[in-house]
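For reference, the chains in residue letters:
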Amino acid sequence: MTSEQLFERAKQLMPGGVNSPVRAFRSVGGAPFFVKAARGARLVTADDRELIDFVCTWGPAIHGHNHPRIREAIARALESGTSFGTPNPYEVEMAELIVEFFPSIQKVRMCNSGTEATMSAIRLARGFTRRDKIVKFAGCYHGHSDSLLIKAGSGALTHGHPDSAGVPASFAQETIVLPYNDRAALDAAFAANPGQIACVILEPYCGNVGFIMPDEGYLAYVREITAKHGTVLIFDEVMTGFRIARGGVQEREKIVPDLTCLGKIIGGGLPVGAFGGRTDIMDHLAPLGPVYQAGTLSGNPLAMAAGIASLRLLKEENPYERLDRLGRQLRDVVLAAARAKGISVQVPQCGSMFSIFFTPTPVRDYATALTGDAALFGRFFHACLKDGVYLAPSAYEAGFLSTAHEGADIDRACAVLSSAIGQL
Ligand code: HOZ
């Protein structure tokens, strides 16, 4: 069955024909392709096209798709069963690896998605501080729980609903939304809400409004002001954890948050989330403390086995310099092609994460991300896709590279990106 036929069937059965909105291609136009297999840097569509993939399943596939070591680990675990609903040995090894890679994490709780991780971390911060208000930043996306779907990035922004319908105004009142990279706004929020802010949550490098990095010293300032006010600092490293560096942005920037949310890579492509941090905060979780959080599939043996294999590979290969080289190669090609064509473009990039914004304005927050020409991005996206390169189907999502892109695939992809800009 072709992608077109599958999409026709899917639209009858699922809202928009998809199970996650950005996949519907609505912001770039056209219809999505369906994927029947993936290996290395490539996706194989239902129409038997091979595409070089810069979405990497939105982050997890840092070793490329369907890596043999991860596949073998899942197959081995499968021999013993799919779910036990009891503690299992994999959970302990996973926790040891997380704590080893992220020194700010003294204790960790596994869950099933990034959304669960951020939702639970916020509840924990509220329970720990006995305060209600939270601070988030415009354009940061932390999954789809109610308090966080306010000026949210990712699919919410892509489809024009950064403040989702269905979130009660009374919930939204507890969420203070500030511009990212703006110290004065943070000062003002703390001054206006003394002793009331339970936590500040942010993607330390934003990955859901496109990829955006902080100004020099900004994260250190966020750390300083939260510590001063007894507010829990939560780093959402669901995308950046194990990707920007082994220990995430916090390792690269040398910042110690109180809590960290993880996901994606720690599941090796299976559904997983986790949150962890200071022991005195984490011990407020049930069964030790009064903050409730639970999950039948939490610590699932297959997901743990896949994640452990992925983290062990990172430990053995330490691929971060290689990934940064690939990221810079891609960035430089786009910048050169845009210069030659006389098109203004910004390409923020760090290691294996990047974005392409068609704007003359340096992108440092939600407002400047919106200066990007989304229609031009749509044309660029389709020019790339036509020639076999798949970028995220939204001007407000990051791109991801994997170690499998090294070699012929990155060279081919760079040629395609350059030619696509030439066609604009
Ligand atoms: N919200 C996800 C990335 N920011 C998209 C997930 C998906 O569609 O798979």
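Right above here is the structure, for reference.
Model, not experiment: these values are computed from the prediction. (Residues numbered from 1 in each chain as written. Predicted model: local features only at pLDDT ≥ 70, side-chain atom pairs only at ≥ 80, totals over all residues. Heavy atoms only, no water.)

Turning our eyes to something else, we now look at the sheet that holds strand β14 (residues 399-400). One open sheet holds the three strands; their spatial order is β11-β12-β14, and the pairing between them is antiparallel. With partners counted over all chains shown, the strands left at the sheet margins are β11 (349-350) and β14, one partner each. As paired elements, strand β12 (residues 353-354) and β14 share two bridges and run antiparallel to each other. Along β14, the bridge assignment pairs Met 353 with Phe 400. (Pairing = 2+ DSSP bridges. Helix = DSSP H or I, 4+ residues; strand = E, 2+ residues; numbered from the N terminus.)

Two strands in a sheet stick together by hydrogen bonds in their backbones, pointing the same way (parallel) or opposite ways (antiparallel). Here we have four strands laid out as an open sheet, ordered β1-β2-β3-β13, and mixed in their pairing. Each having just a single partner strand, β1 (35-39) and β13 (389-390) make up the two edges of the open sheet. In terms of strand pairing, strand β3 (residues 50-53) meets β13 through two bridges, oriented parallel. Paired with Ile 52 across the bridge in β13 is Val 389.

In the vicinity of the ligand, the contacting residues are Ser 20, Arg 23, Trp 58, Tyr 141, Ser 154, Asn 208, Met 239 and Glu 397. Contact distances for the ligand include 3.0 Å between an oxygen atom and a side-chain N or O atom of Trp 58. Relative to its free-state accessible area of 290 Å², the ligand is covered by the protein chains to the extent of 87%. Among the residues making up the shell around the ligand, the classes are represented as three nonpolar, three polar and two charged. (Near = heavy atom within 4 Å. Polar contact = N/O pair within 3.5 Å; in protein donor to acceptor, adjacent residues only side chain to side chain. Areas by Shrake-Rupley, 256 points an atom, 1.4 Å probe, with all protein chains shown as cover. Nonpolar A, V, L, I, M, F, W, Y, C, P; charged D, E, K, R; others polar.)

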